[in-house]
Amino acid sequence: MEAVKLVSSDPSERRDTYRVAYIIHFLLGAGNLLPWNALITAVDYFAYLYPTNHIEKVFSVAYMTSSVVVLLVMMSWGGWSKTTLRLRMNLGFSMFVMSLMIAPVIDWASSSTKLKERPSGAYGLTVAAVVICGLADGLVGGSLIGSAGKLPKQYMQAVFAGTASSGIIISMLRIITKASLPQTPKGLKISAHLYFMVATLFLLCCIVFSNLQHKLPVMQQYHQSLPQESTLCSGTKFWAVAGKIKRPAIGKSLTAFYVPQSITRAIWAATARLLFYPLFIVCLHGPKWMKTEVPMVVLTFMLGFTNGYLTSVLMILAPKSVPFTESELSAIVMTVFLGFGLVGGSVLGWFWIL
């Protein structure tokens with residue numbers, strides 16, 4: 001008699017064997033932010049090549065703006081929802097690979113042996129690489145977070161744990177490549193090339209992982225039980241879901257350690273981070289004991305910790321605070337507004353120059 005395989009309709013009863021799906025979401029989350037971290041961590045290399053340009057600020061505005069543009073297109077163009085998640089992920093990671101390889105290709109194509117003697121249009125191509133990276137970020141980030149929004153909470157937590165780890169991975173890679181070569185222009189060039197190529201290999205692995213996750217039995221079970229209605233639609237639906245996200249989430253959610261039970265608490269905690277502004281001002285202009293390194297290190301650590309933690313908390317809670325059919329859209333809504341904040345911060349950074 002033919003054996004019958006029973007598939008439970010209760011998501012809590014499904015098993016992620018060896019946590020493969022969780023690990024893949026973690027790695028894809030790391031791959032989503034890895035190219036940007038790679039470009040911005042190599043700012044010493046780009047600053048040496050283009051000393052008269054404000055590399056950090058130009059990169060930030062170019063990257064954040066292009067990323068938000070893609071997210072807005074995903075929201076407003078109904079035809080976008082007809083593309084598959086697999087296609088968007090493959091296209092996005094391929095664009096990531098292209099953006100990271102532009103700088104080494106420019107060096108290899110240059111006939112000059114001197115690093116600073118750049119071919120015509122090299123700076124424009126470098127900025128274009130950052131724009132491509134931002135477009136890919138909007139495509140991959142919006143698709144990955146939107147997809148995770150429909151799944152159980154642990155997969156969204158995995159994505160954001162991965163994005164947090166990407167900075168550590170890139171920093172360690174940059175330290176290793178710089179420490180292993182002499183601190184000369186030639187050494188800087190070789191270390192940057194090695195750095196970009198290793199990061200590119202990681203992204204190629206992410207392409208494999210993004211295609212593999214669709215074949216995992218646990219992912220097939222989840223997607224078979226999801227409603228087929230697409231939530232990527234008009235701007236009216238976008239703002240309607242944005243309004244619903246303000247409602248408190250019901251039930252307890254867990255991230256790496258602890259998650260508040262409602263979005264309201266998380267929003268108040270995020271708003272309280274404005275207190276970092278006067279605290280940093282006190283460190284600059286306050287009493288002598290506040291001008292030492294220890295208070296500044298503590299505040300900087302807390303600023304980064306609360307940013308990562310509260311972002312993850314809000315992204316986990318938001319999709320669960322709206323009807324299930326709108327969970328994917330709500331996750332992308334959150335990503336769009338996160339992008340607005342990053343663009344605003346990048347633009348405001350120019351005031352210190354102007």
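It should be emphasised that the depicted structure is a prediction, and the values quoted were computed from it without experimental measurement.

Cut-offs and rules
- Residues numbered from 1 in each chain as written.
- Predicted model: local features only at pLDDT ≥ 70, side-chain atom pairs only at ≥ 80, totals over all residues.
- Heavy atoms only, no water.
- Helix = DSSP H or I, 4+ residues; strand = E, 2+ residues; numbered from the N terminus.
- Buried < 20%, exposed > 50% of the residue type's maximum accessible area, 1.4 Å probe, protein only.
- Contact = heavy atoms within 4.5 Å.
- Phe/Tyr/Trp six-rings, centres within 6.5 Å; stacked < 30°, edge-to-face > 60°.
- Lys NZ or Arg CZ within 6 Å of the ring centre and 35° of its normal.
- Expected span 1.5 Å × (residues − 1).
- Axes fitted to C-alpha atoms, helices over the stretch in contact; angles between N-to-C directions.
- Parallel < 35°, antiparallel > 145°, perpendicular 65-115°, else oblique.
- Left-handed = near helix turned anticlockwise from the far one by under 90°.
- Nonpolar A, V, L, I, M, F, W, Y, C, P; charged D, E, K, R; others polar.
- Core = buried A, V, L, I, M, F, W, Y, C linked by side-chain atoms within 4.5 Å.
- Bend = angle between axes of the 7 residues up to and from the residue.
- Patch = residues over 30% accessible without salt bridge, like charges linked within 9 Å, V, L, I, M, F, W, Y side chains within 5 Å.
- Areas by Shrake-Rupley, 256 points an atom, 1.4 Å probe, with all protein chains shown as cover.
- Salt bridge = Lys/Arg side-chain N within 4 Å of Asp/Glu carboxyl O.
- pLDDT = per-residue confidence, 0-100.

1. Focus on the overall build of the protein chain
Here's step 1: In terms of regular secondary structure, the protein chain is built from 13 helices and zero strands.
Here's step 2: Helices and strands in the protein chain line up, N terminus first, as α-α-α-α-α-α-α-α-α-α-α-α-α.
Here's step 3: Considering the protein chain as a whole, with its 354 residues, one finds that 46% of them fall into the buried category.
Here's step 4: For the protein chain, long-range pairs separated by at least 24 residues make up 80% of all intrachain contacts whose partners lie at least 6 apart in sequence.

2. Focus on the packing of aromatic side chains
Here's step 1: The full count for this structure, using the stated rule, is nine aromatic pairs.
Here's step 2: Between Y45 and F196 the ring centres are 6.4 Å apart and the planes differ by 65°, which places this aromatic pair in the edge-to-face class. On the criterion of sequence distance, the pair formed by Y45 in helix α2 (residues 43-49) and F196 in helix α7 (residues 185-212) is long-range, its members being 151 residues apart.
Here's step 3: Accessibility expressed as a relative area gives 0% for Y45, which makes it buried.
Here's step 4: Residue F196 is classed as buried on the basis of its relative accessible area, which comes to 0%.
Here's step 5: Plain terms: the ring middles of F46 and F59 are 5.2 Å apart, the flat faces sit at 70° to each other, and that makes the pair edge-to-face. Of this pair, F46 sits in helix α2 while F59 sits in helix α3 (residues 55-76); the two residues are 13 residues apart in sequence, bridging distant segments of the chain. For the residue pair F46 and F59, the accessibility class agrees, reading buried in each case.
Here's step 6: Of the aromatic side chains, those joined through ring pairs into one cluster are Y45, F46, F59, Y195 and F196.
Here's step 7: Here the basic side chain of R19 rests over the ring of Y22, its NZ or CZ set 4.3 Å away from the ring centre.

3. Thoughts on helix α12 (residues 293-317)
Here's step 1: Between its first and last C-alpha, α12 extends 36 Å over 25 residues, near the 36 Å set by a 1.5 Å rise per residue.
Here's step 2: P295, L299, T306, L310, T311, S312, V313, L314, M315, I316 and L317 are the residues of α12 that are buried.

4. A closer look at the environment of A128
Here's step 1: Here A128 lies in helix α5 (residues 122-149).
Here's step 2: In this structure A128 comes out as partly exposed when scored by relative accessible area, which is 32%.
Here's step 3: Residues A128 and A62 lie 66 residues apart in sequence; the distance between their C-alpha atoms is 8.4 Å.

5. Quick notes on the environment of V70
Here's step 1: With respect to the helices and strands, V70 occurs in helix α3.
Here's step 2: Given a relative accessible area of 11%, V70 falls into the buried group.
Here's step 3: If sequence neighbours within four positions are ignored, V70 has contacts with L135, G138 and L139.

6. Comments concerning the side chain of S191
Here's step 1: Examined against the element boundaries, S191 turns out to sit in helix α7.
Here's step 2: Apart from residues no more than four positions distant in its own chain, S191 is found in contact with R174, T177, K178 and L181.

7. A look at the packing of helix α1 (residues 20-41) against helix α4 (residues 85-109)
Here's step 1: Between α1 and α4, whose axes approach to 10 Å, the crossing angle comes to 25°. Classified by the angle their axes make, α1 and α4 are roughly parallel. For the pair α1 and α4, the sense of crossing is left-handed. Residues L28, G31, N32, P35, A38 and L39 of α1 form the contact with α4, whose participating residues are M89, F93, F96 and L100.
Here's step 2: Grouping the constituent residues of the contact of α1 with α4 by class yields eight nonpolar, two polar and no charged.

8. Regarding the nonpolar core
Soluble, globular proteins show a tendency: their nonpolar side chains are buried together.
Here's step 1: Core analysis: the largest hydrophobic core is formed by 83 residues, its most contacted members being Y45, F46, F93, Y155, M156, F196 and M219.
Here's step 2: Top element by residues in this core is α5. It accounts for 12 residues.
Here's step 3: Residues within four places of M156 in sequence aside, it is in contact with I145, A148, G149, M315, I316, P319 and A331.

9. As for α4
Here's step 1: The first and last C-alpha atoms of α4 sit 35 Å apart over 25 residues, in line with the 36 Å expected at 1.5 Å per residue.
Here's step 2: For α4, the principal kink sits at I102 and spans about 35°; a proline, P104, occurs within the next four residues.

10. Some words on a nonpolar patch on the surface
Here's step 1: A surface patch of nonpolar side chains, amounting to about 490 Å² of accessible area, comprises V294, V298, F301, M302 and F305.
Here's step 2: Considering the arrangement of structural elements, one finds F305 in helix α12.
Here's step 3: For F305, a relative accessible area of 45% translates into the label partly exposed.

11. Section: the confidence of the model for the protein chain
Here's step 1: When pLDDT is averaged along the protein chain, the result is 77; 79% of the residues meet or exceed 70.
Here's step 2: The low-confidence segment residues 1-13 (pLDDT under 50) makes six contacts with residues lying over four places distant or belonging to another chain.
Here's step 3: Between residues 241-254, whose pLDDT stays under 50, and residues either more than four places distant or in other chains, the model counts 38 contacts.

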